[in-house]
Amino acid sequence: VTITTRQLLSHLSGIRHYEKDITKVKEEKEKANRALKLTKPCQDKEQKEKECKGTEKTESVKPKKEHEGEIKSQKPGRKDKEFDQEEYYLKEKFESVIESLKIFKNDPLFFKPGDQFLYSTYGFTLLSAVVERVSGQKFTDYMLKMFRDLDMLSTVVDDNEAMIYNRARCYVYNKKGRLVNAPYVDNSYKWAGGGFLSSVGDLLKFGNALLYSYQAGQFKNANGQLLPGYLKPDTVAMMWTPVPKTEVSWDRDGKYAMAWAVVEKKQQCGCCRQQRHYASHTGGAVGASSVLLILPEELDSEAVDTGQVAPPRGVVVSIICNMQSVSLNSTALKIAREFDKERWAQ
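Residues numbered from 1 in each chain as written. Predicted model: local features only at pLDDT ≥ 70, side-chain atom pairs only at ≥ 80, totals over all residues. Heavy atoms only, no water.

Novice: Looking at this model, I keep getting lost on the overall build of the protein. Mind explaining?
Specialist: A count of helices and strands for the protein gives 10 helices and nine strands. Counting only residues that meet the buried cut, the protein has 41% of its 346 residues in that class. Here the analysis covers contacts within the protein between residues at least 6 apart in sequence; of these, 68% occur between residues at least 24 apart. For the protein, the computed accessible surface area is about 19200 Å², with 52% contributed by carbon and sulfur atoms. (Helix = DSSP H or I, 4+ residues; strand = E, 2+ residues; numbered from the N terminus. Buried < 20%, exposed > 50% of the residue type's maximum accessible area, 1.4 Å probe, protein only. Contact = heavy atoms within 4.5 Å. Areas by Shrake-Rupley, 256 points an atom, 1.4 Å probe, with all protein chains shown as cover.)

As structure tokens, then:
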């Protein structure tokens, strides 16, 4: 079979996630689909009633099973099934991403590439091996140079042996519902899927760099004073274009794009719910949770043409929590909408 890099980016490759049993994966998907069908009619009815009163929905319903991208928040003492998977707790140190491929390279694909969606951290491990071969550098070296270019000087490899200034402790709830230190793990088997440490400030820089790149092409009358974006506008637009057959567990309005979850701008009827365009991604690891959400401003063409505004325009929200299994996307979206509302009120 042929697996493309685009399929890896959109989780359409067929490569497994942490669960090795395809039967269990299918069962979980069927349960999620049934739950979605049962809840959707009631939610839609309730939503229409709210919309007629001018109430905007901000909370996404998440009946589906959460994956590494985001783990469902839980009551103290309840163990999330996602973190029952043994491979979350690997302690083996791999010297290269090529070496770490041995974990899954001989396992069968769950489906023909391109046919279905399955979130896969190992798909990104393979993607990092592609980057390593194409660039001729270690994946971590390649990424650290990129972070330096973006002025993300607090973003580093999560190396247990290194002394990292201001590294936070990570926490989990044990079976008795008590807060304890997260167990030791070595993330060298998945640098691309969860192997870097960062700060809120650095993630905001990253979000603004992408937002700037996305919008820079719209400011054509900047008299040559506008610097180019880190990426081409068409590249970011492609990254933020939903891919068919994909799904997002943390936002039922969204689809997966290329390494990002994307919600498209949509309004089906007048005076009804407006769906704003935004891109986001959550993170879940042993003892930690995070989210980065980018809500681009809907630019006024006159202001753009006259040079009254300059990119980036919009809201970028970053939340990092040193606690396992915390759902953060809806909180980030509420924050973004509040700042967006405040901006239009001025």
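Novice: Help me understand unusual backbone geometry, please; the structure alone is not making it clear to me.
Specialist: With the exception of glycine, most residues fall at negative phi, and the peptide bonds are largely trans. In this structure, P312 follows P311 across a cis peptide bond, with omega equal to 0 degrees. For P312, the location among the structural elements is in the loop between α9 (301–306) and β9 (314–321). Unusually for a residue other than glycine, K245 sits at a positive phi of about 75 degrees. Mapped onto the fold, K245 is located in the loop between α8 (233–239) and β5 (255–256). Positive phi values are uncommon outside glycine, yet C271 reaches one of about 65 degrees. Mapping C271 onto the fold places it in the loop between β6 (261–263) and β7 (278–285). We classify C271 as exposed; its relative accessible area is 75%.

Novice: Explanation requested: helix α4 (residues 121–135) in the structure shown.
Specialist: Owing to its 3.6 residues per turn, the α-helix brings residues three or four apart onto one side. Over its 15 residues, α4 extends 21 Å from the first C-alpha to the last, a length consistent with the 21 Å expected when each residue adds 1.5 Å. Looking only at α4, the buried set comprises T121, Y122, G123, F124, T125, L127, S128, A129 and E132. Buried positions along α4 lie against α1 (5–9), α3 (97–100), α5 (139–149) and α6 (191–194). You can read the cap of α4 off the contacts: a side-chain oxygen lies 3.3 Å from the backbone nitrogen of Y122, and it is on S120. (Expected span 1.5 Å × (residues − 1). Polar contact = N/O pair within 3.5 Å; in protein donor to acceptor, adjacent residues only side chain to side chain.)

Novice: Can you help me understand the environment of K265 in this one?
Specialist: Positionally, K265 belongs in the loop between β6 and β7. The spatial distance from the C-alpha of K265 to the C-alpha of R276 is 4.6 Å, given a sequence separation of 11 residues. Setting aside chain neighbours within four positions, we find K265 in contact with Q275, R276, H277 and E298.

Novice: How should I be thinking about the environment of Y189 in this particular structure?
Specialist: For Y189, the position within the fold is in the loop between β3 (179–181) and α6. Spatially, the C-alpha atoms of Y189 and K102 are 9.6 Å apart, while their sequence positions differ by 87 residues. Here Y189 is in contact with Y18, E87, Y88, L90, F94, S100, I103, Y122 and T125, once residues within four sequence places are set aside.

Novice: Please explain the state of the cysteines as it appears in this structure.
Specialist: In a disulfide, the sulfur atoms of two cysteines are held together by a covalent bond. Under the counting rule described, the total for this entry stands at zero disulfides. Between C170, a cysteine without a disulfide, and C321, which holds the nearest cysteine sulfur, the sulfur-to-sulfur distance is 9.3 Å. Residue C170 is classed as partly exposed on the basis of its relative accessible area of 26%. In this model C272 remains outside any disulfide bridge; the closest cysteine sulfur is found in C269, 4.8 Å from its own. (Disulfide = S-S within 2.5 Å.)

Novice: Would you take a moment to explain the sheet that holds β7 for this structure?
Specialist: Note: strands within a sheet are paired through backbone hydrogen bonds, in either parallel or antiparallel orientation. Pairing in this open sheet of five strands is antiparallel, and the strands run β5-β6-β7-β8-β9 from one edge to the other. Across the chains shown, the open sheet's two edge strands, defined by having one partner strand only, are β5 and β9. (Pairing = 2+ DSSP bridges.)

Novice: Is there a simple way to think about the nonpolar core in this case?
Specialist: Generally speaking, nonpolar side chains in soluble globular proteins are found buried as a group. Counting 27 residues, the largest nonpolar core has I103, F104, Y122, Y189 and V286 as its most contacted members. Of all elements in the fold, only α4 and α5 reach the threshold of two or more residues within this core. The leading source of residues in this core is α4, at four residues. Leave out the neighbours within four places in its chain, and V286 touches F83, Y88, Y89, C170, A182, P183, V185 and Q324. Counting 13 residues, the second largest nonpolar core, distinct from the first, contains V236, A257, W260 and L292. (Core = buried A, V, L, I, M, F, W, Y, C linked by side-chain atoms within 4.5 Å.)

Novice: Explanation requested: the pairing of strand β8 (residues 288–296) in the structure shown.
Specialist: Regular strands show a simple pattern: their side chains alternate between the two faces of the sheet. Of all the nine residues making up β8, seven are buried; the element is thus mostly covered by neighbouring parts of the structure. Pairing analysis gives seven bridges linking β7 to β8, with the strands arranged antiparallel. Pairing of S280 across the sheet is with L293, part of β8. Taking the residues that link successive antiparallel strands as the turn, the β7-β8 hairpin has two residues, and the phi of G287 there is positive, at about 90 degrees. Strand direction decides the pairing type here: β8 and β9, joined by eight bridges, are antiparallel.

Novice: Sorry if this is basic, but what is going on with the confidence of the model for the protein here?
Specialist: The predicted coordinates should not be examined in detail at positions where pLDDT is low. The predicted model of the protein averages 86 in pLDDT, with 84% of residues at 70 or higher. The model gives residues 50–79 a pLDDT under 50, and that stretch makes 95 contacts with residues more than four places away or in other chains. (pLDDT = per-residue confidence, 0-100.)

Novice: Just checking my understanding: could you explain the packing of aromatic side chains for this structure?
Specialist: Each aromatic ring pair is summarised here by two numbers: the centre-to-centre distance and the angle between the ring planes. Under the counting rule described, the total for this entry stands at 12 aromatic pairs. Centroid distance Y18 to Y122: 5.6 Å. Interplanar angle 70 degrees. Geometry classified as edge-to-face. Highlighted residues: Y18 in the loop between α1 and α2 (22–52) and Y122 in helix α4, separated in sequence by 104 residues. We note that Y18, like Y122, is buried. With centroids separated by 5.7 Å and ring planes inclined at 45 degrees, the aromatic side chains of F117 and Y256 adopt a geometry described as tilted. (Phe/Tyr/Trp six-rings, centres within 6.5 Å; stacked < 30°, edge-to-face > 60°.)

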